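Results of the structural survey
Residue-level listing of the chains:
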Amino acid sequence: GGVVWETSFFLVRYLERHILPGMQTACIRRKLRAVELGSGCGLLGLALARLGCDIVLTDQPSALANLRTNARTFEASSVSGKSNGSVQVMPLDWAKKEDIIAARKKGPFDLVV
């Protein structure tokens, strides 16, 4: 949860330019809902929230403290009046059925990253 992968920058730019515009047109009455699996520090998911998606950030319990701190910092830095999406953080350990069930209950999702 402490490494920013370079691919996060490229993926968010690709999604912003090529994927989100078409999806946002189809979901004009509501914000897009997305889940990030293995969020790490949360850069990709927080960028999607800044672009207006409601996002659920997930990761192993060992990464959640840093992820929650980054989510709180994001929320504190949000500009009022901008259409930022909401951010939720939750554990997702693939070996724990209860984590998988809890994550599924947050859906359905328009986008899984």
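Residues numbered from 1 in each chain as written. Predicted model: local features only at pLDDT ≥ 70, side-chain atom pairs only at ≥ 80, totals over all residues. Heavy atoms only, no water.

Focus: the overall build of the protein chain
Under the convention used in this document: Only DSSP runs of H or I covering at least 4 residues are called helices, and only runs of E covering at least 2 are called strands; the numbering of each starts at the N terminus. Using C-alpha atoms as the atom set, the radius of gyration is obtained and then compared with a globule rule of 2.2 Å times the number of residues to the power 0.38. Relative accessibility decides the category of a residue: with a 1.4 Å probe and only protein chains considered, values under 20% of the type maximum give buried, values over 50% give exposed, and everything between is partly exposed. Contacts were defined at the residue level, with two residues in contact if any of their heavy atoms lie within 4.5 Å. Charged residues are defined narrowly, with Lys and Arg counted positive, Asp and Glu counted negative, and His plus the chain ends left uncounted. Taken as the charge location is NZ of Lys, CZ of Arg, CG of Asp or CD of Glu.
A tally of regular secondary structure across the protein chain gives four helices and four strands. Mapped from its N terminus to its C terminus, the protein chain presents α and β elements in the order α-β-α-β-α-β-α-β. Scaling as 2.2 N^0.38, a compact globule of 113 residues should have a C-alpha radius of gyration of about 13 Å, and the protein chain matches this with 14 Å. In terms of principal-axis extent, the alpha carbons of the protein chain reach across some 35 × 25 × 25 Å. Taking all 113 residues of the protein chain together, 36% fall into the buried category. Considering only residue pairs separated by 6 or more positions, the protein chain has 64% of its internal contacts joining residues 24 or more positions apart. If you average the places of the 15 positive and of the 10 negative side-chain charges in the protein chain, the two averages end up 7 Å apart.

Regarding the environment of G40
In this structure, G40 sits in the loop between strand 1 (33-36) and helix 2 (43-50). For G40, a relative accessible area of 12% puts it in the buried group.

Remarks on the state of the cysteines
The condition is simple: Count a disulfide wherever a pair of cysteine sulfur atoms falls within 2.5 Å.
Applying the stated criterion across every chain, the model contains zero disulfides. In this structure C41 is not part of a disulfide, and its nearest cysteine sulfur, from C53, lies 17 Å away. By relative accessible area, C41 is classed as buried at 12%.

Some points on the packing of helix 2 against helix 3 (residues 64-77)
Quick note on the threshold: The axes are straight lines fitted to the C-alpha atoms, using for helices just the contacting stretch, and the angles between their N-to-C directions are given from 0 to 180°. For this classification, under 35 degrees means roughly parallel, over 145 means roughly antiparallel, 65 to 115 means roughly perpendicular, and everything else is oblique. The crossing is said to be left-handed when, going from far helix to near helix, the turn is anticlockwise and less than a right angle, and right-handed when the turn is clockwise.
Two elements in contact, helix 2 and helix 3, have axes whose closest approach is 11 Å; the angle formed by their N-to-C orientations is 20°. Judged on the interaxial angle alone, helix 3 and helix 2 are roughly parallel. Handedness of the helix 2/helix 3 crossing: right-handed. Where helix 2 approaches helix 3, its residues L46, A49 and R50 are matched on the opposing element by N70, A71, F74 and S77.

Points about the sheet that holds strand 4 (residues 111-112)
Applicable threshold: Note on pairing: DSSP must find at least two bridges between two strands before they are called paired.
Pairing within the open sheet is parallel, and its four strands lie in the order 3-2-1-4. Each edge of the open sheet is held by one strand with a lone partner, namely strand 3 (87-91) and strand 4. Bridge count for strand 2 (residues 54-59) against strand 3 is five bridges, and the pairing is parallel. The residue bridging L57 from the neighbouring strand is V89, located in strand 3. This element, helix 3, spans strand 2 and strand 3 of the sheet and lies at about 175° to strand 3.

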